[in-house]
Amino acid sequence: MTSFATLTTSVGVLGVCSDGEAITRVGWSPTPPKDAAGSADALLAEALRQLTAYFSGELHRFDLPVDLGAQTEGTRAVLTTLYDTVGYGESITYGELAARSGAGIPARGIGAIMGANPIPIIVPCHRVLASDGLGGYSGGAPGQGLVTKRWLLEFEGALPAPLF
């Protein structure tokens with residue numbers, strides 16, 4: 001059974017799912033999945049506590065079990081490498097993450113993997129940049145992907161705030 005809860009953050013309302021063993025999804029959707037239970041499990045409550053601490057600037061590393069769901073071996077390697085090696089306030093390019101993961105996936109493929117990340121914020125796909133700029137971001141409210149990515153990177157100190 002999936003537990004679901006929402007959290008209002010500086011980048012919109014996040015919907016968070018847990019199966020009681022791991023966090024299985026984070027997204028910008030206040031609508032629970034069809035198989036969601038009415039009450040939060042202990043892990044979901046902890047995830048909400050950690051996300052609240054992250055958005056208040058008090059938490060820099062999540063300590064939560066995550067389940068990436070059905071993924072190819074390469075996708076799993078890339079997302080796990082990102083989660084394990086790119087910390088708060090850091091960034092990495094798509095090409096650097098491709099090389100670091102050892103998955104044999106080209107930089108363009110890394111971008112597609114980031115766009116399909118089922119657990120953004122916790123698995124920090126916002127920290128992955130193009131070699132010549134921000135790159136893309138599929139998180140955030142509709143049409144606000146790059147605004148959300150920029151906010152997260154500025155919040156973490158990985159990107160200077162704009163002058164204007």
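Cut-off values and rules
Numbering of residues starts from 1 in each chain and follows the order in which that chain's sequence is written. Confidence filtering applies because this is a predicted model: local features only for residues at pLDDT of at least 70, side-chain atom pairs given and counted only at 80 or more, and all residues used for totals across whole chains, interfaces and linings. Hydrogen atoms and water are omitted, and side-chain values are computed over all heavy atoms in the structure. Numbering goes from the N terminus for both helices and strands, where a helix is a DSSP run of H or I of at least four residues and a strand is a run of E of at least two. Here the globule rule is a power law, 2.2 Å times the number of residues to the power 0.38, and the radius of gyration is based on C-alpha atoms. Burial classes follow relative accessibility: with a 1.4 Å probe on protein chains only, a residue under 20% of its type's maximum area counts as buried, one over 50% as exposed, and anything between as partly exposed. Here a residue-residue contact requires only that any non-hydrogen atoms of the pair lie within 4.5 Å. For accessible areas, the Shrake-Rupley method is used with a probe of radius 1.4 Å. Any residue's cover is judged against the shown protein chains and nothing else. This count recognises Lys and Arg as positive and Asp and Glu as negative, with His and chain-terminal groups excluded. Charge coordinates come from a single atom per side chain, which is NZ of Lys, CZ of Arg, CG of Asp or CD of Glu. Any Lys or Arg side-chain nitrogen found within 4 Å of a carboxyl oxygen on Asp or Glu counts as a salt bridge. Note on ring pairs: Phe, Tyr and Trp rings are taken, using the six-membered ring of Trp, and paired if centres are within 6.5 Å. Classes follow the plane angle, with under 30 degrees stacked, over 60 edge-to-face and the rest tilted. Buried Ala, Val, Leu, Ile, Met, Phe, Trp, Tyr and Cys residues that are joined via side-chain atoms within 4.5 Å together make up what is termed a nonpolar core. Pairing between strands is defined by DSSP: at least two bridges between them are needed. Confidence scores here are pLDDT values: one per residue, from the predictor, ranging 0 to 100. For helices, the fitted axis covers only the stretch in contact; all axes are lines through C-alpha atoms, and the angles between them, taken along N-to-C directions, range from 0 to 180 degrees. By the definition adopted for this analysis, an angle is roughly parallel if under 35 degrees, roughly antiparallel if over 145, roughly perpendicular if from 65 to 115, and oblique otherwise. Gly falls in the polar group here, along with every residue not listed as nonpolar (Ala, Val, Leu, Ile, Met, Phe, Trp, Tyr, Cys, Pro) or charged (Asp, Glu, Lys, Arg).

Asker: Which parts of the structure should I look at to understand the overall build of the chain?
Answerer: Helices and strands together make up the secondary structure of the chain, namely 5 helices and 6 strands. Radius of gyration (C-alpha) of the chain: 15 Å, near the 15 Å computed for a compact globule of 164 residues. Out of the 164 residues belonging to the chain, those deemed buried represent 44%. The long-range share in the chain, meaning contacts at least 24 apart out of those at least 6 apart in sequence, stands at 56%. Carbon and sulfur atoms form 55% of the exposed surface of the chain, whose accessible area is close to 8100 Å². Placing the 10 positive and 15 negative side-chain charges of the chain at their respective mean positions leaves the two points 7 Å apart.

Asker: In this structure, what is going on with the pattern of salt bridges? I would like to understand it.
Answerer: Think of it this way: side chains of opposite charge can pair up when their charged atoms draw near. Applying the stated rule across the entire model yields 3 salt bridges. Ionic pairing is found between E46 and R49, a salt bridge with its closest N-O pair at 2.7 Å. Of this pair, E46 and R49 both sit in helix α1 (residues 42-55), 3 residues apart, which is roughly one turn of the helix. For E46, a relative accessible area of 27% corresponds to the partly exposed category.

Asker: Please clarify how the packing of aromatic side chains should be interpreted in this entry.
Answerer: Two measures describe an aromatic ring pair: the distance that separates the ring centres and the angle between the ring planes. Scanning all chains against the criterion turns up 7 aromatic pairs. Pairing Y54 with F62 gives two aromatic rings, centres 5.5 Å apart and planes at 40°, and the pair type is tilted. The two residues Y54 and F62 agree in class, both being buried. With 4.8 Å between their ring centres and 15° between their planes, W151 and F155 make a pair best called stacked. Taken together, the residues W151 and F155, both in helix α5 (residues 145-156) and 4 residues apart, mark about one turn of the helix.

Asker: Please explain the nonpolar core as it appears in this structure.
Answerer: When a protein is soluble and globular, its nonpolar side chains tend to lie buried together. Counting residues in each nonpolar core, the largest one holds 42 residues, and the members touching the most others are I23, I110, M114, I121 and I122. Those elements that provide at least two residues to this core are β1 (2-9), β2 (12-18), β3 (23-27), α1, α2 (73-85), α3 (94-101) and α4 (107-115). For this core, the element with the highest residue contribution is α1, accounting for 8 residues. Once residues lying within four places of it in the same chain are set aside, the contact partners of I110 are V78, Y94, L97, A98, I105 and V128.

Asker: Teacher, can you tell me more about the environment of C125 here?
Answerer: Following the sequence through the fold, C125 ends up in the loop between α4 and β6 (128-129). In this structure C125 comes out as buried when scored by relative accessible area, which is 5%. What C125 contacts, discounting residues up to four positions off in sequence, is L82, M114, N117, P120 and Y137.

Asker: Looking at this structure, I do not really get the pairing of β3. What am I missing?
Answerer: Regular strands place their side chains on alternate faces of the sheet. Pairing geometry for β2 and β3, over 4 bridges, is antiparallel. The residue of β3 that forms the bridge with S18 is I23. The hairpin formed by β2 and β3 contains 4 residues between the paired strands, and G20 there has a positive phi angle of roughly 90°.

Asker: Hey, could you run me through the confidence of the model for the chain in this one?
Answerer: A low pLDDT score tells you not to read the predicted coordinates there in detail. Per-residue pLDDT for the chain has a mean of 90; in total, 96% of the residues score no lower than 70. Within the chain, α1 carries the highest mean pLDDT (95), whereas strand β4 (residues 36-37) carries the lowest (70).

Asker: Explain the packing of α2 against α3 here, please?
Answerer: Angle between the axes and distance between the axes: these two values describe a pair of packed helices. Between α2 and α3, whose axes approach to 9 Å, the crossing angle comes to 100°. By the criterion of interaxial angle, the relationship of α2 to α3 is roughly perpendicular. Contacts between α2 and α3 involve A77, V78, T81, L82 and T85 from the first element and L97, R100 and S101 from the second. Taken together, the residues that form the contact of α2 with α3 break down as 4 nonpolar, 3 polar and 1 charged.

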